[in-house]
Amino acid sequence: MRATFRRGTPADTSADTLVVLLFDGESAPADLDSALGGRLGKLLESGEAKTANKRTALLHTDGAIAAARVITVGLGKREDFDSERARNAAAVAYRQAADASAQAIAIAVPEGTGQATTGAALTEGVLLAAYRFDRYKTKADDDDSQRAEQLEIVSNEDIGQAIAESEIIVACQNAARDLQNLPSNVLTPAELADYAIGRAGEVEALEAEVLELEQLEARQMGGLLSVAKGSHQQPKLIVLRYDGGGTATLGLVGKAVTFDTGGISIKPSSKMEEMKFDMSGGAAAIEATVAIAKLGLPVKLLTVVPAAENMPSGHATRPGDIVTISNGKTVEINNTDAEGRMILADALVYAASEGADRIIDLATLTGAIIVALGSTYAGLFSNDDDLSAAIAAAGDSTGELTWRMPLHADFKELTKGKFADLTNAASARKASSAYAASFLEEFVDEKPWAHLDIAGTAWSQDGRDYVGNGATGWGVRLLVELARGMSA
Ligand code: BES
Ligand code: MN
Ligand code: ZN
């Protein structure tokens, strides 16, 4: 679906479906209502069109304007309005329009709201709601035989740039969702690396480099190598560099385990198929980098994505094995299912040594963070209050919520190994998300760093209107927003 912008009045749209958003206690926009011969006002007065949040009504225009129908969506009280409401309302409108077999949808940005911000949020809501992963369906499902292809955002202010930028960002977020959805027999570490090279080829200022097995061995990346050992798929360290100017380099690190069986510490088979999404952090890091580069934001990025498949086999790492990470620290592997921290360790060392001044990692790291925060918040761990606050603020504005979690000396104690410097899994089953974060901290060379545990948010179960259930592409918009803030 494509988004366009038109400066003008809603009634003039050539789309077949016009969406009007209505606040509590307010009358219909006067010019539209008069173009419609008072039909909209009557619908509101009769109570058929409701202004409560997310309530919808359908009005046939009978030729009064070019659009065949008007869909109203309530926004509730004006003082409760924010971008998240706009995203959800747009998604609700999209579904109503799709049910009415709309081909093109126009949405009028409600007056009295920040036109650029609201217009961007409406664009996000529709384009994210319209996302499907159906490339492996050889026949169309019944419900999507008719699919709207055009979105027009209408405002009386010139917000064309905001809409165009929003379209770029959402396309990257939807590309991240594709990567999450792709099955592990298709999206291997090698495929992800090729994909990243292809993406970098789309933007001049973006460079990709892939470190192959021999280079990983030369750099003694024992964490990444130990995880990949059980698999026929070779590990890759995917590196993207973007130079948009500015002085400091932001490091982005994303876990990309293309399939996590648990290894020799094998997972139960129930729902194991969902572990194809264990590369969600890597997908978000890559796609956020592409979005930032396409927008030409004046920041420097160093993006590092360790990619491997975690399999049991005769070559696999055993519980009790001791490996050395590229910074020389030794780790006793007490659970081969705690593989994310092992590949991230080498990636964090690489990012810190290759010039990142601050580092943010994203990883589907622990099941415990799902128990704690569901798919509503990502766990945010950081050794730096400013970085942590900037990430939380960016997420508040994009609707990707984070919750700050603690780092504490007690958790550090849990990371100490019996026979090596560290252990990758504590024997005590407690504070396992915080323990994992403390483990990662050992590899950031004391740089300002934040860890986002996205095991819950990357794959939604709360059915939010605009992303629904399943792959969310969580983190792409947040990181773009953060980069925007850094360059402002
Ligand atoms: N990828 C998983 C985390 C995960 C689990 C994400 C369930 C989504 C749903 C990670 O590699 C893992 O297996 N973590 C273990 C660590 C434990 C063995 C210390 C966990 O959280 O159970
Ligand atoms: Mn695991
Ligand atoms: Zn994992």
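Now for a quick tour of the structure.

What counts, and where the lines are drawn
- Residues numbered from 1 in each chain as written.
- Chains lettered and ligands numbered in written order.
- Predicted model: local features only at pLDDT ≥ 70, side-chain atom pairs only at ≥ 80, totals over all residues.
- Heavy atoms only, no water.
- Near = heavy atom within 4 Å.
- Polar contact = N/O pair within 3.5 Å; in protein donor to acceptor, adjacent residues only side chain to side chain.
- Areas by Shrake-Rupley, 256 points an atom, 1.4 Å probe, with all protein chains shown as cover.
- Nonpolar A, V, L, I, M, F, W, Y, C, P; charged D, E, K, R; others polar.
- Donors = N, O, S within 2.8 Å, 3.2 Å for Na, K, Ca; no water.
- Tetrahedral: all angles 85-135°; square planar, octahedral: opposite > 155°, others 65-115°.
- Pairing = 2+ DSSP bridges.
- Helix = DSSP H or I, 4+ residues; strand = E, 2+ residues; numbered from the N terminus.
- Axes fitted to C-alpha atoms, helices over the stretch in contact; angles between N-to-C directions.
- Contact = heavy atoms within 4.5 Å.
- Phe/Tyr/Trp six-rings, centres within 6.5 Å; stacked < 30°, edge-to-face > 60°.
- Buried < 20%, exposed > 50% of the residue type's maximum accessible area, 1.4 Å probe, protein only.
- Parallel < 35°, antiparallel > 145°, perpendicular 65-115°, else oblique.
- Left-handed = near helix turned anticlockwise from the far one by under 90°.
- Core = buried A, V, L, I, M, F, W, Y, C linked by side-chain atoms within 4.5 Å.
- Patch = residues over 30% accessible without salt bridge, like charges linked within 9 Å, V, L, I, M, F, W, Y side chains within 5 Å.
- Salt bridge = Lys/Arg side-chain N within 4 Å of Asp/Glu carboxyl O.
- Lys, Arg positive; Asp, Glu negative; His and termini not counted.
- Charge placed at Lys NZ, Arg CZ, Asp CG, Glu CD.

1. A look at the site of ligand 1
Within the structure, ligand 1 sits among 16 residues, and Lys267, Asp278, Asp337, Glu339 and Gly367 are positioned closest to it. A distance of 2.9 Å separates a nitrogen atom of ligand 1 from a polar atom in the side chain of Asp278. The separation between a nitrogen atom of ligand 1 and a polar main-chain atom of Leu365 is 3.4 Å. In the complex, the protein chains occlude 79% of the 510 Å² of accessible area that ligand 1 would expose alone. Class assignment for the residues of the shell around ligand 1 results in five nonpolar, four polar and seven charged.

2. Regarding the coordination of the manganese ion (ligand 2)
Binding of the manganese ion (ligand 2) to the protein goes through Asp260 (OD), Asp337 (O), Asp337 (OD) and Glu339 (OE), at separations of 2.1 to 2.2 Å. For the manganese ion (ligand 2), the six donor atoms in the first shell make angles of 71 to 166 degrees at the metal, a pattern classed as irregular. Read N to C, the donor residues that coordinate the manganese ion (ligand 2) are spaced as D-x76-D-x1-E. Between the manganese ion (ligand 2) and the zinc ion (ligand 3), a spacing of 3.2 Å is present, and a bridge between the two is formed by Asp260.

3. As for the sheet that holds strand 4 (residues 69–76)
Taken in spatial order, the six strands of this open sheet run 1-6-5-2-4-3, and their pairing is mixed. The open sheet is flanked by strand 1 (2–7) and strand 3 (56–60), the only strands paired with a single partner. Direction aside, neighbouring strands of the sheet carry axes that sit 25 degrees apart on average. Sheet topology note: the strand 2 (residues 17–23)/strand 5 (residues 104–108) ladder contains three bridges and is parallel.

4. A word on the side chain of Thr317
Of note, Thr317 is situated in the loop between strand 11 (300–310) and strand 12 (322–324). From its side chain, Thr317 meets the backbone oxygen of Ser226 in a polar contact 2.6 Å long. Those residues in contact with Thr317 that lie beyond four places of it in its chain are Ser226, Lys229, Ile264, Ile333 and Thr336.

5. Comments concerning the coordination of the zinc ion (ligand 3)
Protein ligation of the zinc ion (ligand 3) involves Lys255 (NZ), Asp260 (OD), Asp278 (OD) and Glu339 (OE), the donor distances falling in the range 2.0 to 2.4 Å. Every donor counted, the six donor atoms about the zinc ion (ligand 3) form angles of 78 to 173 degrees at the centre, which fits octahedral coordination.

6. Concerning the packing of aromatic side chains
Applying the stated criterion across every chain, the model contains five aromatic pairs. On the numbers, 5.8 Å between centres and 70 degrees between planes, the contact of Phe277 with Trp459 is edge-to-face. Taken as a pair, Phe277 in the loop between strand 10 (256–260) and helix 9 (280–295) and Trp459 in strand 19 (residues 459–464) lie far apart in primary sequence, 182 residues in all. Trp459 shares its class with Phe277; the two are buried. With 5.4 Å between their ring centres and 50 degrees between their planes, Phe439 and Phe443 make a pair best called tilted. Classification of Phe439 by relative accessible area gives buried; the value is 0%. Given the relative accessible area of 1%, Phe443 is considered buried.

7. So, the packing of helix 10 (residues 340–353) against helix 14 (residues 432–441)
Between two packed helices, both the angle of their axes relative to each other and the distance between the axes serve to describe the pair. Running from amino to carboxyl end, helix 10 crosses helix 14 at an angle of 30 degrees, the nearest separation of the two axes being 9 Å. One element, helix 10, and the other, helix 14, form an angle in the roughly parallel class. For the element pair helix 10 and helix 14, the recorded crossing hand is right-handed. For the pair helix 10 and helix 14, contact is made by Arg341, Met342, Leu344, Ala345 and Leu348 and by Tyr435, Ala436, Phe439 and Leu440, respectively. Of the residues that constitute the contact of helix 10 with helix 14, the class distribution is eight nonpolar, no polar and one charged.

8. Let's talk about unusual backbone geometry
Positive phi, normally seen in glycine, also occurs at Gln220, with a value near 55 degrees. With respect to the helices, strands and loops of the structure, Gln220 is situated in the loop between helix 7 (213–218) and helix 8 (222–228). Looking at Gln220, the relative accessible area reads 59%, which means it is exposed. Despite not being glycine, Lys271 has its phi angle at roughly 65 degrees, a positive value.

9. Focus on the nonpolar core
Ranked by size, the top nonpolar core spans 59 residues in total, and within it Leu192, Leu206, Ile292, Ile360, Leu362, Ile391 and Leu452 carry the most contacts. With ten residues, the single largest contributor to this core is helix 9. Once residues within four sequence positions are removed from consideration, Ile360 is found in contact with Leu250, Gly251, Leu252, Val253, Leu387, Ile391, Ala450, Leu452, Leu479 and Leu482. Grouped together as the second largest cluster of nonpolar side chains are 49 residues, Leu348, Phe411, Val444 and Trp449 included.

10. A few points about a negative patch on the surface
A cluster of acidic residues, Asp24, Glu79, Asp80 and Asp82, forms a negative patch at the surface. Among the secondary structure elements, Asp24 is positioned in the loop between strand 2 and helix 1 (30–35). Overall, Asp24 belongs to the partly exposed group, its relative accessible area being 31%.

11. Observations concerning the sheet that holds strand 13 (residues 330–332)
The strands making up a sheet are joined through hydrogen bonds of the backbone, oriented either antiparallel or parallel. Reading across the sheet, the three strands line up as 12-13-17 and stay open at both edges, with mixed pairing between neighbours. With one partner strand each, in any of the chains shown, strand 12 and strand 17 (422–423) form the two edges of the open sheet. Where strand 12 lies against strand 13, three bridges are found, and the strand directions are antiparallel. Within the sheet, the bridge partner assigned to Val323 lies in strand 13 and is Val331.

12. What about the pairing of strand 20 (residues 468–471)?
Where strand 19 and strand 20 come together, three bridges link them in antiparallel fashion. Bridging from a neighbouring strand, Trp459 pairs with Ala471 of strand 20. Linking two consecutive strands that pair antiparallel, namely strand 19 and strand 20, is a turn of three residues.

13. Here we look at the side chain of Ser231
Residue position: Ser231 is located in the loop between helix 8 and strand 8 (236–243). Judged by its relative accessible area of 13%, Ser231 is buried. Contact partners of Ser231, with chain neighbours within four places excluded, come to Glu309 and Met311.

So far we have only geometry, and geometry alone does not tell us how the molecule works.
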